[in-house]
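Now for the letters of each chain:
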Amino acid sequence: MSQITIKDRHFRIIGYIETRTDGVKVGKDAKYRIVGYYEPKSNVTKDAHYRIVAHGDILSSLITDAS
């Protein structure tokens, strides 16, 4: 599993995107709460409740600075 750190313009960590071994990406906020998923086989992004929010990978846009 690999992890990418997402930072704001002031270089504060606002979230993470983890890629699992099956290719699914999991978006998490700075406190490691899941905000969404990207499933490459179906090419859809889903929110934390598994509702489809977009076609394509927009997972990083679900990660916002909520501090």
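See the structure shown above.
Owing to the predicted nature of the structure, the values given are computational and were not obtained by experimental measurement.

A count of helical and extended segments in the protein chain gives 1 helix and 6 strands. Relative to the 2.2 N^0.38 estimate, which gives 11 Å for 67 residues, the radius of gyration of the protein chain is 11 Å and therefore close to what a compact globule would have. Along the first, second and third principal axes, the C-alpha atoms of the protein chain reach 35 × 25 × 20 Å. For the protein chain, buried positions account for 34% of its 67 residues. Across the protein chain, every contact between residues at least 6 apart in sequence was considered, and the portion connecting residues at least 24 apart equals 16%. As displayed, the protein chain offers around 4,600 Å² of accessible surface, 52% of which is attributable to carbon and sulfur atoms. Averaging the positions of the 11 positive and the 8 negative side-chain charges in the protein chain gives two centres separated by 2 Å.

In this section: the nonpolar core. Within the largest apolar cluster, 6 residues are counted, these being Ile6, Ile14, Ile17, Tyr38, Leu59 and Ile63. Apart from residues lying up to four places away in sequence, isoleucine 17 is in contact with Ser2, Gln3, Ile4, Ile6, Lys25, Val26, Leu59, Ser60 and Ile63.

Under the criterion given, the structure shown has 7 salt bridges. One salt bridge connects glutamate 39 with lysine 46, and the closest N-O pair in it is separated by 3.4 Å. Judged by its relative accessible area of 22%, glutamate 39 falls in the partly exposed class. When its relative accessible area of 17% is taken as the criterion, lysine 46 is described as buried.

A few words now on the sheet that holds strand 4 (residues 34–39). Spatially, the 6 strands line up as an open sheet ordered 1-2-3-4-5-6, and their pairing is antiparallel. For this open sheet the edge positions go to strand 1 (2–7) and strand 6 (52–55), each flanked by a neighbour on one side alone. On average, each strand axis in the sheet is tilted by 20° relative to the strand beside it, whichever way the strands run. The pairing of strand 3 (residues 25–29) with strand 4 spans 4 bridges and is classified as antiparallel. From the neighbouring strand, valine 26 faces strand 4, where its bridge partner is tyrosine 37.

Cut-off values and rules
Residues numbered from 1 in each chain as written. Predicted model: local features only at pLDDT ≥ 70, side-chain atom pairs only at ≥ 80, totals over all residues. Heavy atoms only, no water. Helix = DSSP H or I, 4+ residues; strand = E, 2+ residues; numbered from the N terminus. Rg over C-alpha atoms; globule rule 2.2 N^0.38 Å. Buried < 20%, exposed > 50% of the residue type's maximum accessible area, 1.4 Å probe, protein only. Contact = heavy atoms within 4.5 Å. Areas by Shrake-Rupley, 256 points an atom, 1.4 Å probe, with all protein chains shown as cover. Lys, Arg positive; Asp, Glu negative; His and termini not counted. Charge placed at Lys NZ, Arg CZ, Asp CG, Glu CD. Core = buried A, V, L, I, M, F, W, Y, C linked by side-chain atoms within 4.5 Å. Salt bridge = Lys/Arg side-chain N within 4 Å of Asp/Glu carboxyl O. Pairing = 2+ DSSP bridges. Axes fitted to C-alpha atoms, helices over the stretch in contact; angles between N-to-C directions.

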